[in-house]
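Each chain is listed here by its residues.
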Amino acid sequence: MDDDDADYMQGSDDEDYGFDYSDNDEADDSGSADVENMYYTAKSKKEDDPEQALREFKAIVDQETEKGDWGFKALKQSTKLLFLQLHRPTDALRTYTQLLTYTKSAVTRNYSEKTINGILDYVGGGKSGPVEVDVLERFYQATNEALKEAKNERLSVKTNLKLAKLWLDRKEYGRLSKLIQELHATTKAAMDNEDQSQRGTQLLEIYALEIQMHNEMRNVKKLKEIYNAANSVRSAIPHPRIMGVIKECGGKMWMGERRWNRASEDFFESFRNYDEAGSQQRIQVLKYLVLANMLTGSEVNPFDSQETKPYKNDPQIKAMTDLVDAYQRREVHSAEKILNDNRSTIMDDAFIRSYIGELLKSLRTQYLIDLIKPYTRLELSFLAKQLNVEIADVEELLIGLILEGKVDGRIDQVGMRLELDRTQALEKKRYCCATIMDGSTGRCSTPLLLPRWPGRSTVDPFMMVPERFTEFRDVTF
């Protein structure tokens, strides 16, 4: 018994297994045994003589006086043989359309649904090579027509979701957008009639497809709109993979806005959901989580959490683990070496690659601050050599640090060197000593003021200095 027969047996739970036989029953059993023999004989010829197998499957269908189990199974085998082995999709569509007429009463609902899903899986899965778009559409159109006639709305929605996933994988965004609108309309129409949790779950599946489409199309405005709509759905019990998709796209959205903390939170939720679903996408999202965590500047190791710790030594994650260690030690050269030695696991991902420049800039900035601390004057060429970058890149980093107030100095563009103003810093400290220390904070706060005595002038004595010192009146400390 192969998988096809096993599926059929699992879908036959409602059959009657009584043992009340009559003469007519014996005759029917004899005929059924003959058809069964014909079926298995035809099936045994699929590999060696597929054309003969097709003829014998057709004979089983033709001799039926009414639609039955063996005719359904013969059409199922014929469709599979024509599509996967003989590569005749048009003929396969013909036998599949005929098979759909059996789903009303000839076989159980569970078995028919499993058969339809199985056929659509290999039609869209590319097992027999590339499939033309119009062929896919005809298969799904025939399926939807049969399901509407059978009033099987639940399977109809599932079928359309499956087709939407195919359009997404093929980047057929026009077709996908149109199908998503149809799915939204169907879901909205049934909102008041069916279980709210089921409809909420279905809505999240639609949002998951839609958010992926807008993420790939770089439509940030629509992406945020769908992300917020998905987060507002409450009455739903979604599959963890669906939430993994939504949170992953949310994390990428926050990364684009340079909101590293929000991105880190969403990537962690995405990883947790993918992990629960057993999806291999958890490894890729874990890399995104590590990247976002480093960009936040956090000193917390992302692999310290209970969920991520088991993956710390995974071969695909090991490079990211080493990168985190190098980043936390501010070892820019080690980080660059790790990136160069692990292009396949890090740099080959377009999303990670787009933020590596930002990560290295952050790391080089911290390294530069530590490097210049002991000096008062440094050549830009020396700093460039230490960072292994061009002089122009060092100058850009230093300008940013000076403007942000993280470095107190100036760049001599004639001599091409950095001059740190240690004297000015010392003078500031001395001036600070002439102020009252705030007892609550321990910081310099209020400057010393001269007391006012009764009967005495309130004019600032500093303004009454001799004429020869008037040049110092406007000095700012």
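Residues numbered from 1 in each chain as written. Predicted model: local features only at pLDDT ≥ 70, side-chain atom pairs only at ≥ 80, totals over all residues. Heavy atoms only, no water.

## Thoughts on the packing of aromatic side chains
Then, number 1: With the rule as written, the count across this model stands at 16 aromatic pairs.
Then, number 2: Both rings, one in Tyr 39 and one in Phe 57, keep their centres 5.9 Å apart while their planes meet at 55 degrees; by these two values the pair is tilted. In this pair, Tyr 39 is assigned in helix H2 (residues 23-44) and Phe 57 in helix H3 (residues 50-62), connecting sequence segments 18 residues apart. Here the two residues Tyr 39 and Phe 57 agree in accessibility, since each one is buried.
Then, number 3: The rings of Trp 260, Phe 267, Tyr 288, Phe 351 and Tyr 355 are connected pair by pair, giving a single aromatic cluster.
Then, number 4: Above the ring of Trp 167, the side-chain terminus of Arg 175 is found at 5.6 Å from the ring centroid.
Then, number 5: For the cation-ring pair, Lys 252 lies above Phe 351, with the distance from its terminal atom to the ring centre recorded as 5.4 Å. (Phe/Tyr/Trp six-rings, centres within 6.5 Å; stacked < 30°, edge-to-face > 60°. Helix = DSSP H or I, 4+ residues; strand = E, 2+ residues; numbered from the N terminus. Buried < 20%, exposed > 50% of the residue type's maximum accessible area, 1.4 Å probe, protein only. Lys NZ or Arg CZ within 6 Å of the ring centre and 35° of its normal.)

## Digging into the nonpolar core
Then, number 1: Membership of the largest hydrophobic core comes to 75 residues, with the highest contact counts inside it found for Ile 246, Met 255, Phe 267, Ile 346 and Leu 383.
Then, number 2: Sort the elements by how many residues they give to this core and helix H18 (residues 350-372) lands first, with twelve residues.
Then, number 3: Counting residues in hydrophobic clusters, the runner-up holds 54 residues, among them Phe 72, Ala 74, Val 107 and Leu 168. (Core = buried A, V, L, I, M, F, W, Y, C linked by side-chain atoms within 4.5 Å.)

## With respect to the packing of helix H14 (residues 281-295) against H18
Then, number 1: It is the contact of H14 with H18, at a shortest axis distance of 11 Å, that shows an interaxial angle of 15 degrees. In terms of orientation, H14 and H18 fall into the roughly parallel class. Judged by the sense of rotation from one axis to the other, the crossing of H14 with H18 is left-handed. Along its contact with H14, which presents Gln 284, Lys 287, Tyr 288, Leu 291, Met 294 and Leu 295, the element H18 presents Phe 351, Ile 352, Tyr 355, Glu 358 and Leu 359.
Then, number 2: Across the contact of H14 with H18, the residue classes break down as eight nonpolar, one polar and two charged. (Axes fitted to C-alpha atoms, helices over the stretch in contact; angles between N-to-C directions. Parallel < 35°, antiparallel > 145°, perpendicular 65-115°, else oblique. Left-handed = near helix turned anticlockwise from the far one by under 90°. Contact = heavy atoms within 4.5 Å. Nonpolar A, V, L, I, M, F, W, Y, C, P; charged D, E, K, R; others polar.)

## As for the side chain of Glu 113
Then, number 1: Among the structural elements, Glu 113 can be located in helix H6 (residues 109-124).
Then, number 2: With a relative accessible area of 9%, Glu 113 lands in the buried category.
Then, number 3: Reaching out from Glu 113, the side chain makes a polar contact with the side chain of Arg 154 at a distance of 3.0 Å.
Then, number 4: Setting aside residues no more than four positions away along its own chain, Glu 113 makes contact with Asn 152, Arg 154 and Leu 155. (Polar contact = N/O pair within 3.5 Å; in protein donor to acceptor, adjacent residues only side chain to side chain.)

## Regarding the packing of helix H15 (residues 318-328) against helix H16 (residues 332-341)
Then, number 1: Look at H15 against H16: their axes get within 8 Å of each other, and the N-to-C directions meet at 165 degrees. Looking at the two axes, H15 sits roughly antiparallel to H16. The chirality of how H15 crosses H16 is left-handed. Packed against H15, whose contacting residues are Ala 319, Asp 322, Leu 323 and Ala 326, the element H16 presents Ser 334, Ala 335, Ile 338 and Leu 339 at the interface.
Then, number 2: Along the lines of polarity and charge, the residues of the contact of H15 with H16 split into six nonpolar, one polar and one charged.

## Observations regarding the sheet that holds strand S1 (residues 377-379)
Then, number 1: Strand order across the open sheet formed by three strands is S1-S3-S2, with antiparallel pairing between neighbours. Only two strands of the sheet have a single partner each, and these edge strands are S1 and strand S2 (409-412). Averaged over all pairs of adjacent strands, the angle between their axes in this sheet comes to 20 degrees, without regard to strand direction.
Then, number 2: Sheet topology note: the S1/strand S3 (residues 417-420) ladder contains three bridges and is antiparallel. Residue pairing across strands places Arg 377 opposite Glu 419, the latter belonging to S3.
Then, number 3: The strands that helix H19 (residues 380-387) touches are S1, S2 and S3; relative to S1, the one it contacts most, it runs at about 65 degrees.
Then, number 4: The sheet contacts of helix H20 (residues 391-403) involve S2 and S3, and relative to S2 the element is tilted by about 150 degrees. (Pairing = 2+ DSSP bridges.)

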